[in-house]
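The residues making up each chain are set out below.
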Amino acid sequence: SQVTEEELRAIARQPGMQRARELFLMDEVFQSRVEWHHMQNKMNAKDRGTAAHLAYIWGWHNSALLAAVQSTAFDNLEIRFPVIYKEHIIKHAENKGLDPDWVYSLIRQESAFMPAAKSPVGAMGIMQIMPGTAKLLARSMRIPTPSPQQLLQPDTNINMGTFFLKQLSDQFDGNIVLATAAYNAGPGRARAWQPHYNPAPGDLWIETIPFKETRDYVKNIVTYQAIYK
């Protein structure tokens, strides 16, 4: 839906939005997000859609796309599927012979473009890499193991994440559906799920994945790829 300048200014003037903005500019990112989500929870769908537009203008792409999902901005694909970190993604995807759309889709699913993302199990950064995996990847890449802070840097994270995707793609003979499943559940499981006698079309094979989390994960990324293309 269309958003007017006056609607944007009205949302931006709200005290909670001003606090979130000031905290963000002071590099108090966590507190800024707390304030933002507190504001979101009090808004109706229209105001949340306006806030999504405002966050997109401010460059808060993670907050914008999450707000858009439950608002009148749901159909705005520019907000929900942003093309950001383009320099890093294009460079590292092309250096490794990967489709940038695949990388964008995986990042959209893994972290929704939040570079400081940390999962409950310890996965870090925009491509959600486990510190143990980063150590193994660094050895294969012949680079120093990144510190936790370095692993949160988008360029470092995307470099290592795309290297891992390339490894998985090679393991599964370029089958990105199997490689995507392996990124989520591990190559051992993906290999065990692979049909050995009668190869199945990708969309049918996805439905046979026994883990609901991985099944939904792969479905989402396939859908996101179509949107990014």
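Everything that follows concerns the structure shown earlier in this document.
Model, not experiment: these values are computed from the prediction.

> Just to check I follow, could you spell out helix α7 (residues 86-95) for this structure?
One full turn of an α-helix is made of 3.6 residues, so residues set three or four places apart face in the same direction. Of all the positions in α7, only Ile89, His92 and Ala93 are classed as buried. Taken down its axis, α7 places every buried residue within 100° of arc, on the same side. In this structure, α7 carries Glu87, Glu94 and Asn95 as exposed residues pointing more than 90 degrees from its buried face. Residues of α7 that are buried in the fold lie against α8 (100-110) and α11 (154-171).

> Looking at this structure, how should I read the environment of Tyr217?
Mapping Tyr217 onto the fold places it in helix α15 (residues 212-228). It is 8.4 Å that separates the C-alpha atoms of Tyr217 and Thr180, two residues lying 37 residues apart in sequence. When sequence neighbours within four positions are dropped, the list of residues in contact with Tyr217 reads Leu106, Gln109, Glu110, Thr180, Tyr183 and Asn184.

> So what exactly am I meant to see when it comes to the nonpolar core here?
The nonpolar side chains of a soluble globular protein tend to be buried with one another. In this structure, Met127 and Tyr183 are the most contacted members of the largest nonpolar core, which totals 46 residues. Residue assignment for this core shows that the elements contributing at least two residues are α7, α8, α9 (131-141), α11, α12 (176-185), α13 (187-193), α14 (202-206) and α15. With seven residues, the single largest contributor to this core is α12. What Tyr183 contacts, discounting residues up to four positions off in sequence, is Leu106, Glu110, Met127, Ile129, Gly161, Phe164, Leu165, Leu168 and Tyr217. Formed by 17 residues, the second largest nonpolar core is a distinct cluster that contains Ile11, Met39, Ala52 and Ala73.

> How should the side chain of Ser71 be read in this particular structure?
Here Ser71 lies in the loop between α5 (61-69) and α6 (77-80). A polar contact of 3.0 Å, which involves the side chain of Ser71, links it to the backbone nitrogen of Ala73. Each residue touching Ser71, except ones within four places of it in the same chain, is listed here: Ala45, Arg48 and Gly49.

> Hey, could you run me through the packing of α8 against α11 in this one?
Between two packed helices, both the angle of their axes relative to each other and the distance between the axes serve to describe the pair. α11 packs onto α8 with a crossing angle of 115° between their chain directions and a minimal axis gap of 11 Å. Taken together, the axes of α8 and α11 lie roughly perpendicular to each other. Of the two elements, α8 crosses α11, and the hand of that crossing is right-handed. Along the contact surface, α8 presents Trp102, Val103, Leu106 and Ile107, while α11 presents Ile158, Thr162, Leu165 and Ser169. Here the residues of the contact of α8 with α11 are counted per class, giving six nonpolar, two polar and no charged.

Conventions adopted
- Note that residues are indexed from 1 along each chain, following the sequence as it is written.
- Two thresholds apply to this predicted model, a pLDDT of at least 70 for residue-level local features and 80 or more for giving and counting side-chain atom pairs, whereas whole-chain, interface and lining totals are computed over all residues.
- Based on all heavy atoms of the structure, the side-chain values leave hydrogens and waters out of the count.
- Buried residues are those whose accessible area, probed at 1.4 Å on protein chains only, stays under 20% of the maximum for their type, while exposed residues exceed 50% and partly exposed ones sit between those limits.
- Each helix is a run of H or I in the DSSP string that is no shorter than four residues. Each strand is a run of E no shorter than two, and both are numbered from the N terminus.
- The arc in question is formed by the directions pointing from the helix axis toward the C-beta atoms.
- Whether two residues touch is decided by their heavy atoms; if any such pair falls within 4.5 Å, the residues are in contact.
- The definition of a nonpolar core used throughout is a set of buried Ala, Val, Leu, Ile, Met, Phe, Trp, Tyr and Cys residues joined through side-chain atoms within 4.5 Å.
- Side-chain atoms alone can form a polar contact between residues adjacent in sequence; in general such a contact is a pair of N or O atoms within 3.5 Å, and within protein one must be able to donate a hydrogen while the other accepts it.
- Axes here mean lines fitted to C-alpha atoms, for a helix over just the part in contact, with angles spanning 0 to 180 degrees between N-to-C directions.
- Oblique is the label for any angle not covered by the other classes, which are roughly parallel (under 35 degrees), roughly antiparallel (over 145) and roughly perpendicular (65 to 115).
- Two helices cross in a left-handed way if the nearer one is turned anticlockwise from the farther one by less than a right angle. They cross in a right-handed way if the turn is clockwise.
- Gly is put with the polar residues, along with every residue not named as nonpolar or charged; the nonpolar set is Ala, Val, Leu, Ile, Met, Phe, Trp, Tyr, Cys and Pro, and the charged set is Asp, Glu, Lys and Arg.

By themselves, these observations are geometric and do not establish any function.
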